[in-house]
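Inside the fold
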Amino acid sequence: MNLMQLTLLEQAVFVLAALVLFLSFAMLAQARLLAGIHVFAWQGAVLAAATGLVAAGGAPHLFISAALTLALKALLIPWMLHRLVRRLELERHVEPLQHPALVLMAGAGLVIFSYWVVVPIERLELVTTRNILSLSLAVVLIGLLIMVTRRQAVTQVIGFMSMENGLFLAAVAATHGMPLVVELGVAFDVLVAAVLFGVFFLHINESIESLDVDRLNRLSAREDDT
Amino acid sequence: MNALLIAVFLPLAGALVLALVRSLALAGWLNLGFCAGSLAAAVWLALQILRGGDLTGDGFHVDAFNVYLVVLTALVGLTTAIFSRPYMAHVCRDGQVSEGRMRLYHSMFQGFLFTMLLALTTDNLGVLWVAVEGATLATVLLVSLYRTPESVEAAWKYFILCGVGIALALFGTVLVYFAAQHALADVAEGLSWSALYAGADRLHPTVMAIAFVFLLVGYGTKVGLVPLHNWLPDAHSEGPTPMSAVLSGLLLNVALYAVVRFKMLVDGALAATDKAAVAGHLMMGFGLLSFLVAGLFLHRQRDIKRLFSYSSIEHMGLMTFAFGIGGPLATFGGLLHMLVHSLTKSAIFITVGHATHIAGTQTIEHIRGMIRTQPAVGWGLLLGVAAIAGFPPFGVFTSEFLLLSATMQSWPWLTTALLFGLVVAFAGLFRHLHPMVYGKAPEGQQPVAANMLPVMAHLGLVLWLGIAIPVALSRWLDQATFLITGSHLL
């Protein structure tokens, strides 16, 4: 692949997409809750910028999704999470990552795996597309890894939402966005999901007096001791 | 088109109206009324389709395959609403649920039906995804309706697992759209199922194969395929019983419907390559695994609703396996099995709801002597389980027999695995059933006001389908088989 063959705009999109992946790693390693939310907000902002650039490159309908992403992923959802964290008095909560080296290695492994999965698509002309597809798949899988390795409900939600970011990146970079009705529908679902997550934090906090989801184990216990 | 719009959007109107209705009694009746209206429109739509052929346009696509699921969804919605009215009033009187939450319940019941019908009828694969995700969002608060720690845990698990699964399905959908952009003349139609199906042979085979893996894992989570099934028993056992009935009878079907639609596209794209059946093989593998594992898990259950949730996983596995085999016989059997399983399983959950009210618990050990305390409930449970275990002359026997014949035809050595699974599941159900129905009833166990009409209607239909499938219905299913496999069975 020769980066110099791409136009300046495409190179910029590429860099931003790589930045989204970088922020995923930052989220993966982040122990402090509030800092994690901030990284997530930055990821949303970078994603919106990438969308805006693709829109400027000849897909004007993407300006709407760029604005939606900025409003939802960079401002509204982080703000909601922030408010909930303050309400539940978790500002100083630190959740050190167990086996950080192992988890980060796994993250790197997932990136390689994503490239490997997308290799068969390489024969379809566009070089950028292939790379951005693998980058976004890596963001999705690292989001999954965040959800698996963390026990805090808020961190799990951040992982979940960053998976959505990865999907959005795939849609924008590889296919110049989904049709508008789908994007609006997805944005609506994400918004409702974010609100419901907020409701659940309160319920979980009420029922087990913490947000450590490892302690949500009554149902698994019910099956184990049969 | 009018019938379609009424059938799909009446529940949406219902969700909005019921969110505002304060009176509990009125809300119960309105819920029933909206479901009845939607069913009437669905039947009208089905008649139109059967007479006039497929209906495509305005972002909808209705053919013989999905219209039968539309009617089934509306029917199970109505019968569950009939059951839910007195049942939820009882729960509310017990003080388990406040009136505000009852409003949420009724509104979201309709909202869930809306997302199901939208997912079935839409032509746009993106809207399909939005609707299936919307179904999770509509039901997740209902799973935790009782606000016990267990129900909150179940809802959280349901939310996270299905959310992750469905996210992978969206990635698959993006890949399909990506493939479409290189194959279809009109890029704007890249997510329209009918346009994709018409040009399926031009879709890039490798991209479609990769996309199908994501789609199968994603929608498969919602189907409850092992090893992604963990949320299902929890969500079914902790939510209110009418929710278990519609989740098991409808949501799982719609998720499987999505998988089958995508399989049709992938088969078209891969037809010319040397790996033409890879999608079918994946579905067979996952389906058989779910079928066997869930059958074994039946033996370990202590909670009656968990027991029947595992039975749902088992049957969904069998259907996935059937659609994986492909071919007209297996597909016909799979379609019939979807129908009879939905009817039987929702009837069982309704009966179980009454049984748990009589016994005051969901623990199998403490549910005893149903047939003595309240013969209607006892018999309902006995006949329902006999039907779901595949006893003749019920319809489940017919469809399982068709599936076994199809397996013997194309994969003879897998027949042993299927028979083994059926026997294991049969034993797993009956070892729990016998004491619940015939055991000694505890002192002072009182009958409750039970409306067994929906149960009788469902089991009656299943019996009818087992003895003699009406010609019109078999033509209808045959038409759907033709759409999926390209050849008629009859």
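Residues numbered from 1 in each chain as written. Chains lettered and ligands numbered in written order. Predicted model: local features only at pLDDT ≥ 70, side-chain atom pairs only at ≥ 80, totals over all residues. Heavy atoms only, no water.

1. Focus on the overall build of chain B
Looking only at helices and strands, chain B has 19 helices and two strands in total. Relative to the compact-globule value of 23 Å for 490 residues, chain B shows a C-alpha radius of gyration of 21 Å, a close match. Taken over the C-alpha atoms alone, chain B extends approximately 70 × 55 × 45 Å along its principal axes. The buried share of chain B, reckoned over its 490 residues, is 65%. Nonlocal contacts in chain B, meaning residues at least 24 apart in sequence, comprise 80% of its contacts between residues at least 6 apart. Of the roughly 15500 Å² that chain B leaves accessible, carbon and sulfur atoms contribute 67%. In chain B, which carries 23 positive and 22 negative side-chain charges, the distance between the mean positions of the two groups comes to 9 Å. (Helix = DSSP H or I, 4+ residues; strand = E, 2+ residues; numbered from the N terminus. Rg over C-alpha atoms; globule rule 2.2 N^0.38 Å. Buried < 20%, exposed > 50% of the residue type's maximum accessible area, 1.4 Å probe, protein only. Contact = heavy atoms within 4.5 Å. Areas by Shrake-Rupley, 256 points an atom, 1.4 Å probe, with all protein chains shown as cover. Lys, Arg positive; Asp, Glu negative; His and termini not counted. Charge placed at Lys NZ, Arg CZ, Asp CG, Glu CD.)

2. So, the layout of surface pockets
Computed from the structure, the largest pocket encloses a volume of approximately 610 Å³. Looking at the largest pocket, it is lined by 29 residues, and the ones nearest its centre are Phe 188 of chain A together with Leu 12, Phe 114, Thr 115 and Gly 134 of chain B. Counting only elements with at least two residues in the lining of the largest pocket, the list comes to α7 (180-208) of chain A together with α1 (2-18), α4 (99-121) and α5 (125-143) of chain B. Residues that form the lining of the largest pocket fall into these classes: 20 nonpolar, seven polar and two charged. (1 Å grid on protein atoms, 1.4 Å probe; cavity = no way out; pocket = protein on both sides within 12 Å on 5 of 7 lines; lining within 4 Å. Points joined across faces, edges and corners; volume = space filled by probe spheres on them. Nonpolar A, V, L, I, M, F, W, Y, C, P; charged D, E, K, R; others polar.)

3. Some thoughts on the interface of chain B and chain A
Residue-level contacts link 50 residues of chain B with 53 residues of chain A. Interface area, chain B with chain A, both sides summed: about 4600 Å², of which 75% is carbon and sulfur. Of all residues in chain B, the largest losses of buried area upon contact with chain A belong to Glu 153, Trp 156 and Phe 171 of chain B, amounting jointly to 16% of the total for that side. Scanning the region where chain B abuts chain A turns up zero salt bridges. In this structure, the connection of chain B to chain A is made through two residue pairs in polar contact (both at pLDDT 80 or more). (Buried area = accessible area lost by both parts, 1.4 Å probe. Salt bridge = Lys/Arg side-chain N within 4 Å of Asp/Glu carboxyl O. Polar contact = N/O pair within 3.5 Å; in protein donor to acceptor, adjacent residues only side chain to side chain.)

4. Considering the pattern of salt bridges
All names here are of chain B. What the rule picks out here adds up to four salt bridges over all chains. When the shortest N-O distance is used, the salt bridge between Lys 157 and Asp 234 registers 2.7 Å. One end of the pair, Lys 157, is in helix α6 (residues 149-181); the other, Asp 234, is in helix α9 (residues 231-238), with 77 residues separating them in the sequence. A salt bridge links Arg 306 to Asp 234; its shortest N-O distance comes to 2.8 Å. Within this pair, whereas Arg 306 is found in helix α12 (residues 304-325), its partner Asp 234 is found in helix α9, the two being separated by 72 residues in sequence. Taking the relative accessible area as the measure of exposure, Arg 306 reaches 4% and is therefore buried.

5. Considering the confidence of the model for chain A
Confidence in the prediction for chain A averages 84 pLDDT; 91% of positions are at 70 or higher. The secondary-structure element of chain A with the lowest mean pLDDT is helix α8 (residues 218-224) of chain A, recorded at 65, while helix α2 (residues 33-56) of chain A shows the highest, at 91. (pLDDT = per-residue confidence, 0-100.)

6. Details of the nonpolar core
Within the largest apolar cluster, 275 residues are counted, with the highest numbers of intra-cluster contacts made by Phe 201 of chain A together with Trp 156 and Tyr 219 of chain B. Broken down by element, the residue count for this core peaks at 22 residues, all from α6 of chain B. Once you skip the residues sitting within four places of it in the chain, Phe 201 of chain A turns out to touch Leu 81, Leu 84, Leu 88, Ala 153, Val 154, Val 157 and Leu 211 of chain A together with Trp 156 of chain B. (Core = buried A, V, L, I, M, F, W, Y, C linked by side-chain atoms within 4.5 Å.)

7. Digging into the packing of aromatic side chains
Taken as a whole and judged by the stated rule, the model has 22 aromatic pairs over all chains. On the basis of an interplanar angle of 70 degrees and a centroid distance of 5.3 Å, the ring pair of Phe 160 of chain A and Phe 197 of chain A is categorised as edge-to-face. Within this pair, whereas Phe 160 of chain A is found in helix α6 (residues 153-175), its partner Phe 197 of chain A is found in helix α7, the two being separated by 37 residues in sequence. Look at Phe 197 of chain A and you get buried, because its relative accessible area is 1%. Note on Phe 391 of chain B and Phe 430 of chain B: the rings are 5.9 Å apart at their centroids and 75 degrees apart in plane angle, and the pair reads as edge-to-face. With a gap of 39 residues between them, Phe 391 of chain B in the loop between α15 (375-388) and α16 (395-410) and Phe 430 of chain B in helix α17 (residues 414-438) connect regions that are remote in the sequence. Phe 391 of chain B gets classed as partly exposed once you look at its relative accessible area, which sits at 33%. An aromatic cluster is defined as three or more aromatic residues linked by ring pairs; in this entry it consists of Phe 160, Phe 197, Phe 200 and Phe 201 of chain A together with Trp 156 and Phe 159 of chain B. Over the ring of Trp 29 of chain B we find Arg 85 of chain B; its NZ or CZ atom is 3.9 Å from the centre of that ring. (Phe/Tyr/Trp six-rings, centres within 6.5 Å; stacked < 30°, edge-to-face > 60°. Lys NZ or Arg CZ within 6 Å of the ring centre and 35° of its normal.)

8. Side note on α7 of chain A
Between the first and last C-alpha of α7 of chain A there are 41 Å, a value that for 29 residues agrees with the 42 Å anticipated at 1.5 Å per step. Glu 209 of chain A sits one or two positions beyond α7 of chain A and adopts a positive phi of about 55 degrees. (Expected span 1.5 Å × (residues − 1).)

9. Some details on empty space enclosed by the protein
According to the stated counting rule, one finds seven cavities of 30 Å³ or more in the structure shown. If you add up the space inside the largest cavity, you get close to 230 Å³. In this structure, the largest cavity is lined by 17 residues; those nearest its centre are Lys 73, Phe 168, Glu 183, Val 186 and Ala 187 of chain A. Among the elements of the structure, α3 (62-87), α6 and α7 of chain A together with α6 of chain B are those that each provide at least two residues to the lining of the largest cavity. Partitioning the lining of the largest cavity into residue classes produces 12 nonpolar, two polar and three charged. Estimated volume of the second largest cavity: approximately 80 Å³. As for the second largest cavity, its lining consists of His 61, Asn 66, Ala 119, Leu 120, Thr 122, Asp 123, Asn 124, Leu 125, Leu 128, Trp 193, Tyr 257 and Arg 261 of chain B.

10. Here's the deal with unusual backbone geometry
Residue Pro 227 of chain B follows Val 226 of chain B across a cis peptide bond; omega there is 5 degrees. Here the bond from Pro 392 of chain B into Pro 393 of chain B is cis, since omega is 10 degrees, no more than 30 degrees from zero. Position of Pro 393 of chain B among the secondary structure elements: in the loop between α15 and α16. Positive phi values are uncommon outside glycine, yet Glu 89 of chain A reaches one of about 55 degrees. Position of Glu 89 of chain A relative to the elements: it lies in the loop between α3 and α4 (100-118). Residue Glu 89 of chain A is classed as exposed on the basis of its relative accessible area of 66%. One non-glycine residue, Arg 147 of chain B, lies in the positive phi region at around 60 degrees. Mapped onto the secondary structure, Arg 147 of chain B falls in the loop between α5 and α6.

11. Brief notes about the packing of α3 of chain A against α7 of chain A
Residue and element names in this part refer to chain A. Contact geometry of α3 with α7 gives a least axis separation of 11 Å together with a crossing angle of 0 degrees. With respect to each other, α3 and α7 are oriented roughly parallel. On α7, the residues touching Leu 62, Ile 64, Ser 65, Leu 68, Leu 72, Lys 73, Leu 76, Ile 77, Met 80, Leu 81, Leu 84 and Arg 87 of α3 are Leu 180, Glu 183, Leu 184, Ala 187, Val 190, Leu 191, Ala 194, Val 195, Gly 198, Phe 201 and Leu 202. Of the residues that constitute the contact of α3 with α7, the class distribution is 18 nonpolar, two polar and three charged. (Axes fitted to C-alpha atoms, helices over the stretch in contact; angles between N-to-C directions. Parallel < 35°, antiparallel > 145°, perpendicular 65-115°, else oblique.)

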